[in-house]
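Each chain, written out:
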Amino acid sequence: MSPDQAVAFFLFAFAAAATPGPSNVLLTATGANVGLLRGLPCLLGVVLGMGFMMSIVAFGLGSVVLESPQIQEVLKWGGAAFLLWLAWKIASANPPTPASSNTQENTKPVGFLGAASFQWVNPKSWLVCAGAAGTYLQADAAGALVQSLSLGGVFILAALPSTFLWLSAGVALQKLLRDPKSQRRFNLVMGALLAGSVIYFLR
C-alpha cells in the first residue's frame, strides 16, 4: 500500500468508524453506564475485532460469505438475535445505586470478547469490510495476505480515535444522568436504538 493509498484508506476508515452504527451505540451506552476505564475493554474489542475482521474479509472470507445464501441467512438471523439480546441487556441495565454511583460496580459492561464477537454479526461491519476490500485491494500490488494485514492495521489506527469519541460522549453524559430515573431512560433509548438497527438484517 503506497502512502497515498494508506492516507485515503485511513480517512475512509476513520469516517466509517465514526459514523453512527450499532457498535457506537454500544460504546456510548457503555461509557455512560460504567465510565471511561471500565469501558476501554469494550472499545478495544470493537476496534481490534473490526480490524481483524477487515483483514479476514479482505483476504477472502468475504467473497465466500457473499456467494453463499445459506451463510448469509445464518448470519442475518443469528446477528438479529444477538443484537436484540444486547439491546435488552442495555435497556434493562440497573442504574447505579447511591452507594456505588462513583464506581458503577453493580453494572457489568460488555467486555473485550463480547464487543469483538459482535463485529461478526454487525451489518455495518460487513458493509464496511466488503466495501473496503472491493475498493482498496489491488491486483498488481503486494500479495493478498500483505494487503489484507495492511488494511486491518490501518483500520485499527483510524478507528481508535473515532470510536474513543463515542465512548467519551457516553462518559460526558454521566454528568447529566445523575438520578436513576434519567439513567434508566437513557438505557431504554440506547437499547431501542440498538434494537432498531435490526432492520439492517431483515430488509
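Note: the structure precedes this text.
Rules used in this analysis
- Residues numbered from 1 in each chain as written.
- Predicted model: local features only at pLDDT ≥ 70, side-chain atom pairs only at ≥ 80, totals over all residues.
- Heavy atoms only, no water.
- Helix = DSSP H or I, 4+ residues; strand = E, 2+ residues; numbered from the N terminus.
- Buried < 20%, exposed > 50% of the residue type's maximum accessible area, 1.4 Å probe, protein only.
- Contact = heavy atoms within 4.5 Å.
- Areas by Shrake-Rupley, 256 points an atom, 1.4 Å probe, with all protein chains shown as cover.
- Phe/Tyr/Trp six-rings, centres within 6.5 Å; stacked < 30°, edge-to-face > 60°.
- Core = buried A, V, L, I, M, F, W, Y, C linked by side-chain atoms within 4.5 Å.

1. Some details on the overall build of the chain
Consideration 1: The helix and strand tally for the chain stands at 8 helices and 0 strands.
Consideration 2: In sequence order, the chain lays out its α and β elements as α-α-α-α-α-α-α-α.
Consideration 3: Here the chain holds 203 residues, and the buried ones make up 43% of them.
Consideration 4: Partitioning the intrachain contacts of the chain with sequence separation of at least 6 by distance along the chain shows that 86% fall at a separation of at least 24.
Consideration 5: For the chain, the computed accessible surface area is about 10,300 Å², with 71% contributed by carbon and sulfur atoms.

2. Description of the packing of aromatic side chains
Consideration 1: On inspection of all chains with the given rule, the structure shows 3 aromatic pairs.
Consideration 2: Between Trp120 and Trp126 the ring centres are 6.0 Å apart and the planes differ by 75°, which places this aromatic pair in the edge-to-face class.
Consideration 3: Judged by relative accessible area, which is 24%, Trp120 ranks as partly exposed.
Consideration 4: Connected via pairs of aromatic rings, a cluster forms that spans Phe52, Trp120 and Trp126.

3. So, the nonpolar core
Consideration 1: Counting 41 residues, the largest nonpolar core has Phe9, Met54, Phe155 and Leu194 as its most contacted members.
Consideration 2: For this core, the secondary-structure elements that each account for two or more residues are α1 (3–18), α2 (22–66), α3 (69–91), α4 (112–118), α5 (123–136), α6 (144–173) and α7 (180–196).
Consideration 3: Ranked by residues supplied to this core, first place goes to α2 with 14 residues.
Consideration 4: For Phe9, the contacting residues outside a window of four places in its chain are Met54, Ala132, Tyr136, Leu151, Val154 and Phe155.

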